[in-house]
Amino acid sequence: MLDPAYVRDHVDEVARRLGARGGDFSADLALLKQKDGERLQLLQTVENLKRDQNAAGELVARAKKEGRDATAILAENKARAARIKELDVSLAAIETERDALLLTFPNLPHESVPVGKSAADNPVVRTWGAARAFDFTPKPHWEIGEALGILDFERASRMSGARFSVLMGAGARLERALINFMLDLHTREHGYTEVEPPFLVNRAALTGTGNLPKFEPDLFKIAGEWDLFLIPTAEVPLTNLHRDEILDGRQLPIRYTAYTPCFRSEAGSYGADVRGLIRQHQFDKVELVKFATPEQSHAELEGLTRNAETVLEKLGLPYRRVLLCTGDMGFASAKTFDIEVWLPSQNTFREISSCSNTEGFQARRANIKFRPEGTGKPQHAHTLNGSGLAVGRTLIAILENYQQADGSVTIPEALRPFMGGLERIVR
């Protein structure tokens, strides 16, 4: 959520920066300014009445001490108390309306983010590795997996519908090996604390990360009286670990990692990536989340992105990093780097991780604060998140980049200890 005081004092700048995202927010900003003005006026009136009430208490005490009749003062106090109660209700209603409107605004892009309209405007920051030269025509991962008997879409479709898959044998083992490899790397070498969070979260948790109210159609909600949703990413429970808490600034940055399945309805994506594992309703992911001070957060974004890139480097998978422009960033992000892995069958790079600094946007929504030196006035923390990595897409990249002419797939050396020493997947 944007800082309402900052929006009020810099409305033209906020309109310009939000406009760079590609939308027209002028009408909503005008309404927000109106609501905030009504709130401030009411707040001033209530504070004045409460000040008069406190002063009247002293008048009553003095009158009684001097033996004078305080009936009129007490009657005035009673009427004023009723008025304060009435205005407090109105003030709460105005604040609810203002906050509900604030929840609809995306984050402000950081000044280093390039202005653009779409992915075509995203600059490439760096590349790593060289695409393999095949002496045969490389196959797509779904053909490789089905031929090896490790990937089954037909049986998944019969039990769950489209955009589900079944991994079998060495395929399931490879998925599990990737999860363990990533978690070990991030905890042992990158300094993250592993967490096993709930896979179901409440509405408040999703509001805190910015998934609600805007993106409810993308979520799977539990039926019945439960107000619970399947998580779309471990970012949600990990970020909410410190909801409504004040952290000790001396302990920041805090780094968490978790493996979870993720569940997304993929609303609006039908017709895109219909075949294969690219866009599934259920997929595995290892997530990275950080809590930092404002002074630390952009250096921590670079560190988080490098942690994700290291996974691909150890697996020998070519990739590139791109900086998302204003028109291509996520709702909660102030700055995002996408990491894209090379897929031979498509002769292109595809996203495998999105690493973002949300600055104080999520922290305001989830009320996550810190005291800079362990003492003093609390301020909102900065939160960061990124995939480290999307496991299914990493499996895709391995199948395609390590496929052999005879249909087998070579296991990257870094993964072999997690596969019991297995060097190749064969039929």
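Bear in mind that the values here come from a model prediction, so they are computed numbers and not experimental data.

Quick notes on the rules
Residues numbered from 1 in each chain as written. Predicted model: local features only at pLDDT ≥ 70, side-chain atom pairs only at ≥ 80, totals over all residues. Heavy atoms only, no water. Buried < 20%, exposed > 50% of the residue type's maximum accessible area, 1.4 Å probe, protein only. Helix = DSSP H or I, 4+ residues; strand = E, 2+ residues; numbered from the N terminus. Pairing = 2+ DSSP bridges. Salt bridge = Lys/Arg side-chain N within 4 Å of Asp/Glu carboxyl O. Core = buried A, V, L, I, M, F, W, Y, C linked by side-chain atoms within 4.5 Å. Contact = heavy atoms within 4.5 Å.

Description of the pairing of strand E14 (residues 368–371)
- Of the two faces of E14, only the one carrying Ile368 and Phe370 is buried; Lys369 and Arg371 on the other face are not.
- Of the pairings in the sheet, the one linking strand E8 (residues 245–248) to E14 comprises four bridges and is parallel in character. Within E14, the residue paired with Glu245 across the bridge is Ile368.
- As paired strands, E14 and strand E15 (residues 379–380) are joined by two bridges and run antiparallel to one another. When the bridges of E15 are listed, Phe370 appears paired with Gln379.

Some points on the pattern of salt bridges
- Applying the stated criterion across every chain, the model contains 30 salt bridges.
- Note that Glu300 is salt-bridged to Arg255, the shortest N-O span being 3.2 Å. One end of the pair, Glu300, is in helix H10 (residues 297–315); the other, Arg255, is in strand E9 (residues 254–263), and 45 residues separate them in sequence.
- Since its relative accessible area comes to 12%, Glu300 is described here as buried.
- Note that Glu302 and Arg321 form a salt bridge whose closest N and O atoms lie 2.8 Å from each other. You can see Glu302 sitting in helix H10 and its partner Arg321 sitting in strand E11 (residues 319–323), a full 19 residues away along the chain.
- Here Glu302 falls in the partly exposed class, since its relative accessible area comes to 34%.
- Relative accessible area serves as the criterion here: at 2%, Arg321 is assigned to the buried category.
- Through salt bridges with shared partners, a single network forms among Arg126, Glu302, Arg306, Glu309, Glu313 and Arg321.

Describing the nonpolar core
- With 49 residues, the main nonpolar core has Leu174, Leu178, Ile398 and Leu415 as its most contacted residues.
- Element by element, the count of residues in this core is highest for helix H7 (residues 170–188), at eight residues.
- Leaving out residues up to four positions away in the same chain, Leu174 has contacts with Leu395, Ile398, Leu399, Ile411, Leu415, Met419 and Ile425.
- Of all hydrophobic cores here, the second largest spans 16 residues; its members include Leu29, Leu102, Leu108 and Phe361.

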